[in-house]
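# Structure at a glance
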Amino acid sequence: MKPPRTYRKDTSAAPRGYSSWEAAGLLWLAEAQDGGGAQVAELQDVDLDHIDLLQYDPAPSTNVQADALGVALAATHAAGAPAFGAPPARWTSHGFIGPAESPLPMPLEPTDSWGAFFAEQRIRHLLRIGRANDLWEDEQELFERVAERLESGEFDDGRPPARIHGDLWAGNILWTRSGAVLIDPAAHGGHAETDLAMLMLFTAPHIARIIAAYDEAAPLAEGWQERVGLHQLFPVMVHAIVFGGGYVAQATEMARTYA
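Let me sum up the structure you'll find in this document. (Residues numbered from 1 in each chain as written. Predicted model: local features only at pLDDT ≥ 70, side-chain atom pairs only at ≥ 80, totals over all residues. Heavy atoms only, no water.)

### Regarding the nonpolar core
- Core analysis: the biggest nonpolar cluster contains 44 residues, and Trp 136, Phe 143, Leu 150, Leu 233 and Met 237 have the highest contact counts within it.
- Contacts of Met 237, omitting those with residues within four sequence positions, involve Ile 123, Leu 126, Leu 127, Trp 136, Phe 143 and Ala 251.
- The next biggest cluster of nonpolar side chains, apart from the first, holds 26 residues, and it includes Ala 74, Ala 204, Trp 224 and Val 228. (Core = buried A, V, L, I, M, F, W, Y, C linked by side-chain atoms within 4.5 Å. Buried < 20%, exposed > 50% of the residue type's maximum accessible area, 1.4 Å probe, protein only. Contact = heavy atoms within 4.5 Å.)

### Describing the side chain of Asp 52
- By secondary structure assignment, the location of Asp 52 is in strand β4 (residues 50-54).
- In terms of polar contacts, Asp 52 uses its side chain to reach the side chain of Arg 8, at 2.7 Å.
- Discounting residues that sit within four places of it in the chain, Asp 52 has contacts with Tyr 7, Arg 8, Glu 42, Leu 43, Gln 44 and Asp 45. (Helix = DSSP H or I, 4+ residues; strand = E, 2+ residues; numbered from the N terminus. Polar contact = N/O pair within 3.5 Å; in protein donor to acceptor, adjacent residues only side chain to side chain.)

### Here we look at the pattern of salt bridges
- Counted by the stated rule, this structure contains 14 salt bridges.
- In this structure, a network of salt bridges that share partners links the residues Glu 120, Arg 124, Arg 128, Glu 144 and Glu 151. (Salt bridge = Lys/Arg side-chain N within 4 Å of Asp/Glu carboxyl O.)

### Considerations on the packing of helix α4 (residues 140-151) against helix α7 (residues 224-243)
- Two numbers describe how α4 lies on α7: the axes approach to 12 Å, and their chain directions differ by 135°. Judged by the angle between their axes, α4 and α7 are oblique. Of the two elements, α4 crosses α7, and the hand of that crossing is left-handed. Residue-level inspection shows Phe 143, Val 146 and Leu 150 of α4 in contact with α7, the latter providing Leu 230, Leu 233 and Met 237.
- Residue composition of the contact of α4 with α7, by class: six nonpolar, no polar and no charged. (Axes fitted to C-alpha atoms, helices over the stretch in contact; angles between N-to-C directions. Parallel < 35°, antiparallel > 145°, perpendicular 65-115°, else oblique. Left-handed = near helix turned anticlockwise from the far one by under 90°. Nonpolar A, V, L, I, M, F, W, Y, C, P; charged D, E, K, R; others polar.)

### Side note on the pairing of β4
- Burial runs high along β4: four of the five residues are buried.
- One ladder, built from five bridges, connects strand β1 (residues 6-10) with β4; its direction is antiparallel. By the bridge assignment for β4, Asp 10 is matched with His 50.
- Pairing of strand β3 (residues 43-47) with β4, which is carried by four bridges, proceeds in the antiparallel orientation. Looking at β4, one finds that Asp 45 is bridged to Asp 52. (Pairing = 2+ DSSP bridges.)

### Here's the deal with the sheet that holds β1
- The sheet built from three strands is open, its strands ordered β1-β4-β3 with antiparallel pairing. Because the sheet does not close on itself, it has two edges, and the strands there are β1 and β3. Between one strand axis and the next, the sheet turns through 15° on average, direction left out of account.

### Re the pairing of strand β8 (residues 173-176)
- Both β8 and strand β9 (residues 179-182) contribute to a ladder of four bridges, which runs antiparallel. Looking across to β9, one finds that Thr 176 is bridged to Gly 179.
- Hairpin connection of β8 to β9: two residues between the antiparallel strands.

### Regarding helix α5 (residues 192-201)
- Of all ten residues that make up α5, nine are buried, and the element is covered over most of its length.
- Inspection of α5 places Ala 192, Glu 193, Thr 194, Asp 195, Leu 196, Ala 197, Met 198, Leu 199 and Leu 201 among the buried residues, and these make up the whole buried set.

### So, the environment of Ala 116
- You can see Ala 116 is positioned in helix α3 (residues 114-132).
- Each C-alpha atom, one on Ala 116 and one on Asp 156, is 9.3 Å from the other, the two residues being 40 residues apart in sequence.
- When neighbours within four sequence positions are excluded, Ala 116 is seen to be in contact with Thr 111, Leu 150 and Glu 151.

Keep in mind these values describe shape, not function.
Rendered as structure tokens:
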């Protein structure tokens, strides 16, 4: 029998521990597959400078696969997490977000409420990094007002922490003949709407079908559409810090909406 074909992701330029962090996220998300959760790239090997994954053959995405992804993603989220901000199993430090060669540190401190977690460990955390890089010099109070509203619990809906991918943009979905496969997670305990908002930010294929199928399997909380931009603020701030350009102003305008 031929050995499985593998894809090697080079992490030699990443901070020490990055490959183990990503591997922990893959394994944690994969635990939900037995309960109908989304298919996750199968880990073959991990070392300090690489991650080996099962090689998948790409294929065009279909409506049926999009519907299946929506249902499966709801099951992954339902697998839950110990707390908002909780790291994946087998990981006890902070995580990373962004390109492997220059990722930003991502705090992972278990927190009782989603709003408090997102305010401190996402918005304020990235604001501090941005300010250190001369971004948002005149907008600090604007972002702080968003954080204060989050911290107050205004956007909390009482739902338990979800097991989220954490970086679920369109490029982190591989479409194969057997369906969608998730790659490159920044997995942690968070809000289910965060993954859906990320899919919408860079417009995953069949996005309307994915959301509809998800909503049918696990009805979204009232007003979720109005919170999409709030969840998207974090990845846009990441892009502003890593890539600059128009993302800086985009983050400011998104923050203004929720300040």
